[in-house]
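Results of the structural survey
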Amino acid sequence: MSAILGPIHHWLFRKIQFQDALTGEILRKAKEKGYDGEKLSRVDEMGILPQGELGNIIDSSNIHGWLQGKIALVEYRLAAGVKSMLEERKEAMEDICAIAFAFGREHGAGSLSLGEGFRFYEDTLVNGMPCDGVNMVLNEDGEELIWEETVDIHAPYWQELGMEGALFYEIRDALVKGLFEGSGLKYQALGNGTYKLVKE
């Protein structure tokens, strides 16, 4: 990545902010549902995402490293929040996925074409650094668009906290279904890191 702050860095930071906002919403709703607020507050021990205009908070001498560090931070924060909830209630994933779905629905983009839908997906969700090239389109024929995640960049953060990486994907699937509700597109996880958008 360039040593000069550019549009791609702002694009990536907005995605980082979106994931952190999801975590914040999960923690807020969890407290409302009676989960232990003190335990949930410990998520902040992982660190807190800096607020403000990117140009004022980023380390301009290490743009790539700073952004990579903030990706790791929001990945760990989400995993830590979910871990806290699951330690308290075995059925917590039901609550978490319901919150993620509602959050996605609140941030949906409205009616979308297939190409617009995939771009919206890419513009919204953290999938590593742009240079990681995680998502690769396999097929687009006007009725459906299929893509593959070429590398699992999320699970290692969860595994470091002693959790199954599959939990992240369960939450993300609920979030994405919410994002595409009312869009005219249906999102499907096909397995083995492959996903599909189809016209409804």
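Small disclaimer: the values here were computed from a predicted structure and weren't measured.

**Focus on the side chain of T124**
- Turning to its location among the elements, T124 is positioned in helix α6 (residues 114-124).
- Overall, the relative accessible area of 10% leaves T124 in the buried class.
- Side-chain polar atoms of T124 contact the backbone oxygen of F120, separated by 2.7 Å.
- T124 has contacts with K15, F18 and L179, leaving out every residue within four places of it along the chain.

**Some points on the packing of aromatic side chains**
- Applying the stated criterion across every chain, the model contains 13 aromatic pairs.
- The interplanar angle of 55° and the centroid separation of 5.2 Å between the aromatic rings of F118 and W147 together place this pair among those described as tilted. With F118 in helix α6 and W147 in strand β2 (residues 144-149), this residue pair connects regions lying 29 residues apart in the sequence. Pair check on accessibility: F118 and W147 agree, each one buried.
- Judged by centre distance (6.2 Å) and plane angle (65°), the rings of W158 and F168 are edge-to-face. Remark: F168 occurs in helix α8 (residues 166-180) and W158 occurs in helix α7 (residues 155-160); sequence separation between them is ten residues. With respect to burial, W158 and F168 carry one shared label: buried.
- Above the face of the Y35 ring, R89 is positioned so that its terminal group lies 3.8 Å from the ring centre.

**Topic: unusual backbone geometry**
- A positive phi is found at N192, a non-glycine position, where the angle reads about 55°.
- With respect to the helices and strands, N192 occurs in the loop between β3 (185-191) and β4 (194-199).

**Focus on the pattern of salt bridges**
- A full pass over the atoms with the stated rule returns ten salt bridges.
- Two residues, R119 and D123, come together in a salt bridge whose shortest N-O distance is 3.3 Å. Here the residue R119 and the residue D123 both occupy positions in helix α6, the gap between them amounting to four residues, near one helical turn.
- Take R119: its relative accessible area is 43%, and that puts it in the partly exposed class.
- Look at D123 and you get partly exposed, because its relative accessible area is 33%.

**A look at the nonpolar core**
- If you look at the biggest cluster of nonpolar residues, it comprises 60 residues, and the most contacted ones within it are I16, L67, W158 and F180.
- Among the elements that take part in this core, helix α4 (residues 63-88) stands out by supplying 13 residues, more than any other.
- Once you skip the residues sitting within four places of it in the chain, L67 turns out to touch H9, L12, F13, I16, I58 and M129.

**Looking at α8**
- With 15 residues, α8 should reach 21 Å at 1.5 Å per residue; the first-to-last C-alpha distance of 21 Å fits that figure.
- Taking burial as the measure, the 15 residues of α8 include twelve buried ones, the bulk of the element.
- Among the residues of α8, L167, F168, Y169, I171, R172, D173, A174, L175, V176, G178, L179 and F180 are the ones counted as buried.
- Residue G182 follows α8 closely and has a positive phi angle near 80°.

Reading guide: rules and limits
Residues numbered from 1 in each chain as written. Predicted model: local features only at pLDDT ≥ 70, side-chain atom pairs only at ≥ 80, totals over all residues. Heavy atoms only, no water. Helix = DSSP H or I, 4+ residues; strand = E, 2+ residues; numbered from the N terminus. Buried < 20%, exposed > 50% of the residue type's maximum accessible area, 1.4 Å probe, protein only. Polar contact = N/O pair within 3.5 Å; in protein donor to acceptor, adjacent residues only side chain to side chain. Contact = heavy atoms within 4.5 Å. Phe/Tyr/Trp six-rings, centres within 6.5 Å; stacked < 30°, edge-to-face > 60°. Lys NZ or Arg CZ within 6 Å of the ring centre and 35° of its normal. Salt bridge = Lys/Arg side-chain N within 4 Å of Asp/Glu carboxyl O. Core = buried A, V, L, I, M, F, W, Y, C linked by side-chain atoms within 4.5 Å. Expected span 1.5 Å × (residues − 1).

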